[in-house]
Amino acid sequence: MDRFISMAVFVAAVEEGSLVGAAGRFGLSPSMAGKHVSAIEEQLKVRLLQRSTRMLTLTDVGRSYYTRCKHILEEYEDANREARDAQQTVRGMLRVAAPTTFGTMHLGSVVASYLAAYPDVAVETVLSDRYVDLLADRIDVAIRIGLLEDSDLVARRLAPCRMVFCAAPSFVSWHGAPKDVEQLRQAPRLAFTEAVSAGDWTVTDPCGNTHVINGPVRLAANNMQMLLAAALAGTGVAYGPSFVFGESVAAGTLQVLMSDHKTPELAIHAVYPTKRHVSLKLRRFIEHLSASLGDMPPWDLML
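Residues numbered from 1 in each chain as written. Predicted model: local features only at pLDDT ≥ 70, side-chain atom pairs only at ≥ 80, totals over all residues. Heavy atoms only, no water.

Draft legend 1. Representation of the overall build of the protein in the model. Scanning the protein for helices and strands turns up 10 helices and 13 strands. Against the compact-globule benchmark of 19 Å for 303 residues, the protein has a radius of gyration of 26 Å, which places it well outside the compact range. Within the protein, the proportion of its 303 residues that are buried is 44%. A separation of at least 24 residues holds for 76% of the contacts in the protein among residues at least 6 apart in sequence. Carbon together with sulfur atoms contributes 52% to the accessible area of the protein, which is approximately 16000 Å² in total. One way to put it: in the protein the 30 positive side-chain charges average out to a point 6 Å from where the 32 negative ones average out. (Helix = DSSP H or I, 4+ residues; strand = E, 2+ residues; numbered from the N terminus. Rg over C-alpha atoms; globule rule 2.2 N^0.38 Å. Buried < 20%, exposed > 50% of the residue type's maximum accessible area, 1.4 Å probe, protein only. Contact = heavy atoms within 4.5 Å. Areas by Shrake-Rupley, 256 points an atom, 1.4 Å probe, with all protein chains shown as cover. Lys, Arg positive; Asp, Glu negative; His and termini not counted. Charge placed at Lys NZ, Arg CZ, Asp CG, Glu CD.)

Draft legend 2. Here's a closer look at the packing of aromatic side chains. Tallying each qualifying case throughout the model produces 10 aromatic pairs. Plain terms: the ring middles of Tyr 114 and Tyr 118 are 5.2 Å apart, the flat faces sit at 50 degrees to each other, and that makes the pair tilted. Taking the relative accessible area as the measure of exposure, Tyr 114 reaches 0% and is therefore buried. Ring centres of Phe 243 and Trp 299 lie 5.9 Å apart, and the angle between their planes is 70 degrees; this geometry places the pair in the edge-to-face category. Within this pair, whereas Phe 243 is found in helix α9 (residues 242–251), its partner Trp 299 is found in the segment after α10 (280–293), the two being separated by 56 residues in sequence. The residues Phe 243 and Trp 299 share a single accessibility class, namely buried. Chaining the aromatic ring pairs together yields one cluster made of Phe 102, Phe 243 and Trp 299. The lysine or arginine in question, Arg 144, covers the ring of Tyr 131, its NZ or CZ lying 4.5 Å from the ring centre. (Phe/Tyr/Trp six-rings, centres within 6.5 Å; stacked < 30°, edge-to-face > 60°. Lys NZ or Arg CZ within 6 Å of the ring centre and 35° of its normal.)

Draft legend 3. Highlighting the pairing of strand β5 (residues 141–145). Within β5, 5 of the 5 residues are buried, which leaves it mostly tucked inside the rest of the structure. The sheet contact formed by strand β3 (residues 92–98) and β5 spans 2 bridges and is parallel. Within β5, the residue paired with Val 96 across the bridge is Val 141. Bridge count for β5 against strand β13 (residues 265–272) is 4 bridges, and the pairing is antiparallel. Across the sheet, Arg 144 pairs through a bridge with His 269, a residue of β13. (Pairing = 2+ DSSP bridges.)

Draft legend 4. Examining the environment of Asn 80 more closely. With respect to the element layout, Asn 80 can be found in helix α4 (residues 60–85). Taking the C-alpha atoms as reference points, Asn 80 and Val 110, separated by 30 residues in sequence, lie 29 Å from one another.

Draft legend 5. Structural view of helix α1 (residues 3–16). Between its terminal C-alpha atoms α1 stretches 20 Å, which fits the 20 Å expected from 14 residues at 1.5 Å a residue. All of the buried residues in α1 are Ser 6, Met 7, Ala 8, Val 9, Phe 10, Val 11, Ala 12 and Ala 13. Downstream of α1 by a residue or two, Gly 17 has a phi angle that is positive, lying close to 85 degrees. (Expected span 1.5 Å × (residues − 1).)

Draft legend 6. Expanded view of the pattern of salt bridges. Taken as a whole, this structure holds 14 salt bridges when the rule is applied. Taking the shortest distance from any N to any O, the salt bridge between Asp 60 and Arg 63 comes out at 3.2 Å. Here Asp 60 and its partner Arg 63 are both found in helix α4, 3 residues apart, which amounts to about one turn of the helix. Where Glu 124 meets Arg 95, a salt bridge forms, and the shortest distance between an N and an O atom there is 2.8 Å. Of this pair, Glu 124 sits in strand β4 (residues 121–127) while Arg 95 sits in strand β3, and the two are 29 residues apart along the sequence. Take Glu 124: its relative accessible area is 36%, and that puts it in the partly exposed class. By relative accessible area, Arg 95 is classed as buried at 12%. (Salt bridge = Lys/Arg side-chain N within 4 Å of Asp/Glu carboxyl O.)

Pasting the structure below:
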């Protein structure tokens with residue numbers, strides 16, 4: 001018997017809960033489906049399934065074997081799909097969700113170069129700092145920054161998200177640059193109110209001690225670009241992702257503070273509903289995002 005077909009029948013039997021169900025998936029008789037599973041067991045000299053008239057139960061060996069076989073079959077399907085995709089045209093509408101500030105500051109150029117590469121694709125972007133429901137809102141892919149919620153979504157890491165403390169030179173001239181945690185606590189702070197990840201205003205000193213910077217906030221806002229504008233005006237110390245402040249640091253209109261202290265490093269991910277049956281336009285877009293950002297994204301080169 002073909003070992004690959006036998007493996008597929010075994011996986012189908014587990015997923016369907018019966019040899020009858022597996023047989024129906026492949027157009028076989030139940031007895032032939034049973035022969036495929038028995039052939040594997042005879043070859044391996046192990047019992048993979050406990051059979052009864054009412055149900056199938058995986059043995060411990062069978063459970064491990066099922067996991068490996070399922071992965072092999074999925075890789076096989078992916079290889080076939082990529083081969084087919086190579087002959088297809090990338091086309092259609094792609095709906096992309098992203099956080100407001102990231103999308104406004106960085107997504108436009110990435111989407112523009114993607115559209116230039118694939119003229120038969122159209123893109124609709126949805127910028128929001130709330131976690132959109134991809135299925136309910138018909139979103140093909142969302143860019144998410146920071147810790148990911150537990151879900152059935154597939155996540156691909158695109159780039160790091162480094163956090164920095166910064167302030168305008170005018171602020172530093174007037175107030176001085178904070179040198180340690182206590183001085184930072186005394187400084188007027190510009191705080192983002194919609195942070196959902198651990199690490200908000202968290203810093204590790206050179207001795208390895210981690211501190212949470214709390215206390216009064218001079219300006220709180222649910223939009224990072226507003227905090228950027230306030231930081232540029234010398235209003236206080238801002239804390240946030242380098243993709244917000246990197247360009248201003250490079251221009252000399254902001255300066256990084258407490259660079260000898262360590263801040264948390266989060267990550268930027270692309271998330272989408274399923275690994276299987278991913279459209280070619282989506283696969284190419286995620287590849288384009290990854291290539292455009294990478295481990296050293298453009299804004300970090302400015303720091």
